[in-house]
Amino acid sequence: MKLDNWESTADLNPIYADIRANDLEQCVAELDAFGFTVIPPEKIAPAAFHDRLRQAILDVHERRTGHRVKAAELGAASLEGDRPLAIHWSLLGEDPVFEEAVMNPIVYTMARYLCGKSVLLSDAIALIKRRDPTPTHMLHIDQAGTPPPLPPYQQVINITWALTDYTQANGALAMVPGSHRYGRMPMPYEEDFLGNDAPVRAVPVECPAGSLIIWGGTTWHASFPRSADGLRITLIMAFCRGYMMQVRDFRRETPQEVLDRNDEAFAQLLGVNSLYPIDANAGTDPDKVAAFTGSGRNPWA
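Notes on the structure follow. (Residues numbered from 1 in each chain as written. Predicted model: local features only at pLDDT ≥ 70, side-chain atom pairs only at ≥ 80, totals over all residues. Heavy atoms only, no water.)

### Some remarks on the packing of aromatic side chains
Inspection of the entire model under this criterion finds four aromatic pairs. Here Phe49 and Trp161 contribute two aromatic rings whose centre-to-centre distance is 5.6 Å and whose plane-to-plane angle is 40 degrees, an arrangement assigned as tilted. Taken together, the positions of Phe49 in helix 3 (residues 47–65) and Trp161 in strand 4 (residues 156–162) put the pair 112 residues apart, joining distant regions of the chain. (Phe/Tyr/Trp six-rings, centres within 6.5 Å; stacked < 30°, edge-to-face > 60°. Helix = DSSP H or I, 4+ residues; strand = E, 2+ residues; numbered from the N terminus.)

Put into structure tokens, the structure is as follows:
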């Protein structure tokens, strides 16, 4: 179908043009049908960028914990202590590569399509997972703060950059295909997805290092225990709609030099120039209102 600049979808038109230009229409269809999709590494960035991103996470881990992990030895490495998972929140400002990651054309396009043009980055988080017989997460949804019935559209999304190979033995994500259509979160008796008698069966998301795994906040998911040696490394980029509260207060936390080396779209994604919260003393900027709400009736704004 030929795309045009239709007035009734004014805010959607440029976003969908980016979907088509980046050959992402199949991914959009998979998200609609199954609640998640996987985009291969070659469509996202060169191999050298994946290497930079992986090394930056290892550098953050070393700075914050004092534990050094060499990228060349990931297959045999482990974490110090008894924790099965190292979580590093708030990565922006640690290395410019994280800024490049959130503004990657594929990431930015999918985030805007799923959460509208006023989409906000909620946080960028690194996970490092070691061998452990227990799953780090049981079945849940990322939109758990929304009471049922859940809306048919996504209010939050997860874009996970797999920086090591994802297999079930490596502790891959577990997804319940089509669960975004259930309109609710898992009940307590449904959270355990392991074993032949599990009430809900999840499938492993297996893909090569460098892939993007994308799902919406209403999709039921978990993670398989890692039975293989070595470490699983991922970058999680969480996004939300413009009317929601972000995990990070980027207005207060973002160093000025980070904003200076990026464009206005980056600042908007962080919510630095967001419409909300409205400053009662300064009044409301009409241009800012238009940028974040469109016509005021358009769900793609």
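This is not the end of the story, as more comes after the structure.
### Some words on the environment of Gly75
With respect to the helices, strands and loops of the structure, Gly75 is situated in the loop between helix 3 and strand 2 (85–88). Judged by relative accessible area, Gly75 falls into the exposed class, the value being 58%. Taking C-alpha positions, Gly75 is 28 Å from Asp192, a pair spaced 117 residues apart along the chain. Those residues within four positions of Gly75 in sequence are excluded, and the remaining contacts are Asp229 and Gly230. (Buried < 20%, exposed > 50% of the residue type's maximum accessible area, 1.4 Å probe, protein only. Contact = heavy atoms within 4.5 Å.)

### Quick look at a nonpolar patch on the surface
A cluster of nonpolar side chains, contributed by Tyr153, Tyr243, Tyr276 and Ile278, occupies part of the molecular surface with about 440 Å² of accessible area. Tracing the backbone through its elements, the reader meets Ile278 in the loop between helix 8 (264–270) and helix 9 (286–293). Judged by relative accessible area, Ile278 falls into the partly exposed class, the value being 46%. (Patch = residues over 30% accessible without salt bridge, like charges linked within 9 Å, V, L, I, M, F, W, Y side chains within 5 Å. Areas by Shrake-Rupley, 256 points an atom, 1.4 Å probe, with all protein chains shown as cover. Salt bridge = Lys/Arg side-chain N within 4 Å of Asp/Glu carboxyl O.)

### Observations concerning the pattern of salt bridges
Side chains that differ in charge, positive against negative, can pair when their charged atoms come close. On inspection of all chains with the given rule, the structure shows 15 salt bridges. With its nearest N and O atoms 3.0 Å apart, the salt bridge here joins Arg20 to Glu25. A salt bridge links Arg52 to Glu100; the nearest nitrogen and oxygen atoms lie 3.0 Å apart. With Arg52 in helix 3 and Glu100 in helix 4 (residues 96–102), the pair connects residues that are 48 residues apart, well separated along the chain. Judged by relative accessible area, which is 37%, Glu100 ranks as partly exposed.

### Considering the sheet that holds strand 7 (residues 212–216)
Spatially, the six strands line up as an open sheet ordered 1-7-4-9-3-2, and their pairing is antiparallel. Two strands lie at the open edges of the sheet, namely strand 1 (36–39) and strand 2, each paired on one side alone. The sheet shows a mean angle of 20 degrees between the axes of neighbouring strands, direction not considered. Judged from the four bridges that link them, strand 1 and strand 7 form a sheet pairing that is antiparallel. (Pairing = 2+ DSSP bridges. Axes fitted to C-alpha atoms, helices over the stretch in contact; angles between N-to-C directions.)

### Some remarks on the nonpolar core
Membership of the largest hydrophobic core comes to 57 residues, with the highest contact counts inside it found for Phe98, Met110, Ile159, Trp161, Leu235, Met237 and Phe239. Ranked by residues supplied to this core, first place goes to helix 5 (residues 105–115) with seven residues. Among the nonpolar cores identified, the runner-up in size contains 11 residues, and Ile141, Ala174, Val176 and Phe193 belong to it. (Core = buried A, V, L, I, M, F, W, Y, C linked by side-chain atoms within 4.5 Å.)

### Considerations on helix 1 (residues 13–21)
Within the span of helix 1, buried status applies to Asn13, Ile15 and Ile19. The buried residues of helix 1 occupy an angular sector of 160 degrees when the element is viewed end-on, so they sit on one face. Residues of helix 1 that are buried make contact with helix 2 (25–34) and helix 5. (Arc of directions from axis to C-beta.)

### Brief notes about the side chain of Thr218
In this structure, Thr218 sits in the loop between strand 7 and strand 8 (221–223). Residues contacting Thr218, with those up to four places away along its chain left out, are Ile141, Gln143, Leu150, Pro151, Gln154, Ser179 and His180.

### Considering the environment of His180
Relative to the elements of secondary structure, His180 occurs in the loop between strand 5 (173–175) and strand 6 (203–204). On a C-alpha basis, the gap between His180 and Val28 in space is 14 Å, while along the polypeptide they are 152 residues apart. Excluding residues within four positions of it along the chain, His180 makes contact with Leu31, Asp32, Ala33, Phe34, Gly35, Gln154, Thr218 and Thr219. A distance of 2.8 Å separates a polar atom in the side chain of His180 from the backbone oxygen of Asp32. (Polar contact = N/O pair within 3.5 Å; in protein donor to acceptor, adjacent residues only side chain to side chain.)

### Some points on the packing of helix 1 against helix 5
Running from N to C, helix 1 and helix 5 cross one another at 135 degrees; their axes reach a closest spacing of 9 Å. It follows that helix 1 is oblique to helix 5 by the angle criterion. When the axes of helix 1 and helix 5 are compared, the crossing they make is left-handed. On helix 5, the residues that touch Ile15, Tyr16, Asp18 and Ile19 of helix 1 are Thr109, Met110, Arg112 and Tyr113. By residue class, the composition of the contact of helix 1 with helix 5 is five nonpolar, one polar and two charged. (Parallel < 35°, antiparallel > 145°, perpendicular 65-115°, else oblique. Left-handed = near helix turned anticlockwise from the far one by under 90°. Nonpolar A, V, L, I, M, F, W, Y, C, P; charged D, E, K, R; others polar.)

### A few points about the sheet that holds strand 8
The strand order across the open sheet formed by three strands is 6-5-8, and the pairing between neighbours is antiparallel. The open sheet terminates on both sides in strands that have one partner only, identified here as strand 6 and strand 8. As judged from the two bridges shared by strand 5 and strand 6, these two strands associate in the antiparallel manner. Across the sheet, the residue bridging to Met175 is Val203, located in strand 6.

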